[in-house]
Amino acid sequence: MIKFLNYSFCYEGMAEDTLKNVDLEINEGEFVLLTGRSGCGKSTLLHSLNGLIPHFYPGRINGDLLYEDSSMFTMMPTEIAGKIGTVFQDPRSQFFMTDTTRELAFGCINMGYSREEIVDRIEKSVMDLELEELLNRSIFSLSSGEKQQIAIGSVYALAPKVFMFDEPSANLDHEAIRRLTGILKKLKDKGITLIVADHRFYYLRDLVDTAVYMENGRIAEIYSREEFCGLDKMHRLQKGLRSVYPEEEIDDVIIKPAHNIPDEKRRILRVEDLSFGYESKTMVLDKISFEVASGDIIGVLGQNGAGKTTLISVLTGILKENAGKVFYDGKRVSPAKRRKLSYLVMQDADYQLFTTSVEEELTLGISKVDRSLVDQTLDRLALSEYRDKHPASLSGGQKQRVTIGASLLKDSKILYFDEPTSGLDYDSMLRVRDLIKEIACNGAIVFIVSHDFEFIAQTCTKLFRLDSNQGGQMKEMDGKLVQTEFMP
């Protein structure tokens, strides 16, 4: 159905090919997992299939790419859209309308279908994917998982034969991943060809037919499902791959004790009865109280939409609390003072990248730059070879590491990370873990919002869970993670 024939691609302005001599055949109805270290070429492969290359990303092409024996480079984007649909890592990047029903119809309208056919296609999409509860909703009111469901539904309405997903689990909680798995199973049962690029793939272990491992722009290995799921741990770690069965590798996770910080460096952050609600007057956070100290790495858990990002926005001073008090080192701190104490690494790295090179990005806003520390940070995050590259040219995982590197050089007292491992391979996840532990050892307080079970289990010293079903309340969890909250 799809054939890459000695296919190579070099982005315009780049010296080296990103994809190199790719030979790959994907059969109709096959479920293919694309995986490999960050920057290995997975997204470029997807962009070649959905027409973004060469129509949006120009560059030099060698070899050919066939869809049902016709070269895709002779097809217009509208023709490709009816054959191959893509759901991006951040569904917001593919939304054009402000409400869900019109978003479901948008692609069909652009394809020029009649009103009757558009209605029929939307009804089929809603019925097959169980989207009834999401109709006539504001796009801005949806959780990450709900946005993804609408993105899938809008593509499904075009009835493509091929569905592609780029890091679909990156921003989803466990329940949203369960729903995603169910949707993927439905698509597979209908005979649709599925191509998923992801670093976390435990949720796909019963669906995948073929796993394609990429390395430096090449196809390094092709595994059957049985071969891939049966990889021994040493072989898997050598390739920088996450676990297919993480629940078997971490039986009972005991949260680590806080780092032992000398008294002269020890600072307390105390929160008393913190409350916040948006204009709807519904309380997102309700009388939250806790105390943490220098050396603590606090995991903030909860379902999508529970208020985790709102909490860190209030703690950093981006949002002003409706009620409650925040104290640091025994003194009450206003939102303005909290902003000076804090550094936030956002979930979407693109929102924090402003300069024309990676090195500039790391040193932005620093009056006196320690070049040796910059070099060390670049090296530890495996970014040294990219120091002069424009951040926009990097992969999603590499961008994430750049924003984390910038946070390390700011020497803030309290750091907040919102999904810091989204889009990161196993090696990069370990680097981020080690750097966060080092930050805590040096006397900082670190908050982490994450759905990444492996990362939380290896990093945090405290866990708090936010629960929107209990009116925006938060409670501290005991030392053991309940695996059934994260695993299939």
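As a starting point, this report considers the structure included with it.

Conventions adopted
Residues numbered from 1 in each chain as written. Predicted model: local features only at pLDDT ≥ 70, side-chain atom pairs only at ≥ 80, totals over all residues. Heavy atoms only, no water. Helix = DSSP H or I, 4+ residues; strand = E, 2+ residues; numbered from the N terminus. Buried < 20%, exposed > 50% of the residue type's maximum accessible area, 1.4 Å probe, protein only. Contact = heavy atoms within 4.5 Å. Phe/Tyr/Trp six-rings, centres within 6.5 Å; stacked < 30°, edge-to-face > 60°. Lys NZ or Arg CZ within 6 Å of the ring centre and 35° of its normal. Salt bridge = Lys/Arg side-chain N within 4 Å of Asp/Glu carboxyl O. Pairing = 2+ DSSP bridges. Axes fitted to C-alpha atoms, helices over the stretch in contact; angles between N-to-C directions.

Structural notes on the environment of D173
Logical step 1: Mapped onto the elements of the fold, D173 is located in the loop between β7 (162–166) and α7 (174–189).
Logical step 2: Judged by relative accessible area, which is 5%, D173 ranks as buried.
Logical step 3: Spatially, the C-alpha atoms of D173 and G59 are 37 Å apart, while their sequence positions differ by 114 residues.
Logical step 4: When neighbours within four sequence positions are excluded, D173 is seen to be in contact with G302, Q303, N304 and H451.

Comments concerning the packing of aromatic side chains
Logical step 1: Enumeration over the complete set of coordinates arrives at 15 aromatic pairs.
Logical step 2: Three or more aromatic residues link up through ring pairs in this structure, and these residues are F9, Y11, F56 and Y57.
Logical step 3: Stacked on the ring of Y113, the Lys or Arg R121 has its end atom at 4.2 Å from the ring centre.

Considering the pattern of salt bridges
Logical step 1: Per the stated rule, a full pass over the model turns up 26 salt bridges.
Logical step 2: Through salt bridges with shared partners, one network takes in E359, R371, D375 and R387.

Some remarks on the sheet that holds strand β10 (residues 218–224)
Logical step 1: Here we have six strands laid out as an open sheet, ordered β6-β7-β8-β3-β9-β10, and mixed in their pairing. Every interior strand has two partners, whereas the edge strands, β6 (84–87) and β10, have only one. Neighbouring strand axes in the sheet, compared pairwise and without regard to direction, differ in orientation by 20° on average.
Logical step 2: Bridge analysis of β7 against strand β8 (residues 193–197) gives five bridges, and the strand direction is parallel. Residue pairing for β8: D166 is matched across the bridge by A197.
Logical step 3: Packed onto the sheet, helix α6 (residues 144–156) meets β6 and β7 and runs at close to 170° relative to β6.

Re the pairing of strand β19 (residues 462–467)
If a strand is regular, its side chains alternate between the two faces of the sheet.
Logical step 1: Taking burial as the measure, the six residues of β19 include five buried ones, the bulk of the element.
Logical step 2: Alignment of strand β13 (residues 297–301) against β19, held across four bridges, turns out to be parallel. Bridging from a neighbouring strand, L301 pairs with R465 of β19.
Logical step 3: Across four bridges, the pairing between β19 and strand β20 (residues 473–476) is antiparallel. Bridge pairing links D467 to Q473 in β20.

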